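Overview (structure and organization)
The residues making up each chain are set out below.
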Amino acid sequence: MLANFSYVRTQSVDEAVEHLSDSGARLHAGGTDLLGCLRDGTFSADKVVSLSGIEQLSGIRPASDGGLRIGALTRISEVASSALVKERYPGLAQAAGGVASPQLRNQGTLGGNLCQRPRCWYYRGEFHCLKKGGTKCYALDGENRYHAIFGGGPCYIVHPSDTAPALISLKAKLIIQGRKGERSLPVEEFFELPTMNLTGENVLLRGDVVTEIALPGETAGWKSSYRKVRERGAWDFALSSLALALRLNGSRVLQARAVLGGVAPIPWRCKAIEEAVTGKQLDSAIARQAALAAVEGAEPMEQNGYKVALVRGIVEESLLAMA
Ligand SMILES: Cc1cc2nc3c(=O)[nH]c(=O)nc-3n(C[C@H](O)[C@H](O)[C@H](O)COP(=O)(O)OP(=O)(O)OC[C@H]3O[C@@H](n4cnc5c(N)ncnc54)[C@H](O)[C@@H]3O)c2cc1C
Ligand code: SF4
């Protein structure tokens, strides 16, 4: 059952920042994650601050550098179907198209997809684990088949968003408005490991609103893709995924960016893949070499060793599909 809270529908970002500066206030975008968390008691809110009245936060528009600016309130379905996104950043369109179900893509926003809370079932359940300020990670000796194989400890969540790895592979930036004004940072620097931030997942401070996602002109001509493996055929989070963005000359790789999803507490930039393919002609031998390099250093838990083979598989498949 939902506990009582007050509800404010703000008309400007400044107004939203002011309301969100109160402790106990929570930002509401599409609500597909927030309302579930409030209903399940994962966390509580005294005040829910809706952005839905701020029209300027929606929409996709070309930027002067040949890139795109996407408002944080833009629906995930709009990102998936946008002709501009498909043409310039196909990897992002594929990632958005792979999120959840059509209904959730129609209601969920791109900003909300990046800021959604993790899905660890202990965290979402009635367990007062480390992430909730408790003293124990229940996944460590418990049910950990969906947890991290890279970067885990002391909490072993995996980052849930499909669009985040794609945005990082494409060198996107976030525009954030907060109590001290506006700032911009690469999406890659937005997420934080549990060793840095145990109870949160990113650098947002109280009062902050992600207002826009900026895709640079630099990667607009790159070949990009997003490949996702899930347990059910559809409507499910990634067991593992790979966002790839390559600058190619024929089949020779001039520059590469590779980001794994579903395997670490943050979208996991995999420089081993990038180094294995850069300067090379993409062929099956290089794809296999990159796949092996990708899992070096993986630290599976008791029940999630299968993710190592999954990662190898999607890396090899994605590179061959690009070739
Ligand atoms: C059954 C189910 C299946 C799903 N499957 C997938 C999947 O396969 N892949 C995937 O990527 N996701 C999946 N999701 C998650 C879903 O995509 C997210 O719930 C959705 O993207 C969140 O967007 P929203 O606008 O509804 O966010 P909200 O629920 O409104 O907000 C989510 C969180 O982000 C914060 N927030 C939202 N917008 C901003 C902003 N602009 N600035 C700062 N903070 C903000 C909110 O305060 C809240 O904490 C699934 C969800 C469900 C329920
Ligand atoms: S993995 Fe993180 S969220 Fe899950 S039980 Fe452990 S500390 Fe809690």
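Residues numbered from 1 in each chain as written. Chains lettered and ligands numbered in written order. Predicted model: local features only at pLDDT ≥ 70, side-chain atom pairs only at ≥ 80, totals over all residues. Heavy atoms only, no water.

Strand order in the open sheet formed by three strands is 1-3-2, and the pairing between neighbours is parallel. What marks the edges here is a single partner per strand, and that holds for strand 1 (6-9) and strand 2 (25-28). Ignoring which end each strand starts from, the neighbouring axes of this sheet average 25 degrees apart. Here strand 1 pairs with strand 3 (residues 47-50) via four bridges, running parallel. Note on strand 3: the bridge partner recorded for Arg9 is Ser50. (Pairing = 2+ DSSP bridges. Helix = DSSP H or I, 4+ residues; strand = E, 2+ residues; numbered from the N terminus. Axes fitted to C-alpha atoms, helices over the stretch in contact; angles between N-to-C directions.)

Here the focus is the domain arrangement of the protein chain. The assigned domain composition of the protein chain is domain 1 (55-115 + 158-218) and domain 2 (224-322). Centre-to-centre, using C-alpha coordinates, domain 1 lies 21 Å away from domain 2. Taken together, the contact between domain 1 and domain 2 spans 28 residues of the former and 25 residues of the latter. Between domain 1 and domain 2 lies a buried interface of about 2000 Å² when both sides are counted; carbon and sulfur atoms form 61% of it. If you sort the residues of domain 1 by the area they bury against domain 2, Val158, Pro165 and Ser169 come out on top, with a joint share of 23%. One can count three salt bridges joining domain 1 with domain 2. Asp162 is paired through a salt bridge with Lys228; the nearest N and O atoms lie 2.6 Å apart. (Domains from an automatic or database assignment. Contact = heavy atoms within 4.5 Å. Buried area = accessible area lost by both parts, 1.4 Å probe. Salt bridge = Lys/Arg side-chain N within 4 Å of Asp/Glu carboxyl O.)

By nearness alone, 13 residues border ligand 2, and Cys120, Cys129, Cys137, Cys155 and Tyr156 come closest of all. Under a 2 Å grid-point criterion requiring more than half of the atoms, the pocket assigned to ligand 2 is the largest cavity. Taken together, the residues of the shell around ligand 2 break down into 11 nonpolar, one polar and one charged. (Near = heavy atom within 4 Å. 1 Å grid on protein atoms, 1.4 Å probe; cavity = no way out; pocket = protein on both sides within 12 Å on 5 of 7 lines; lining within 4 Å. Sits in = over half its atoms within 2 Å of the grid points. Nonpolar A, V, L, I, M, F, W, Y, C, P; charged D, E, K, R; others polar.)

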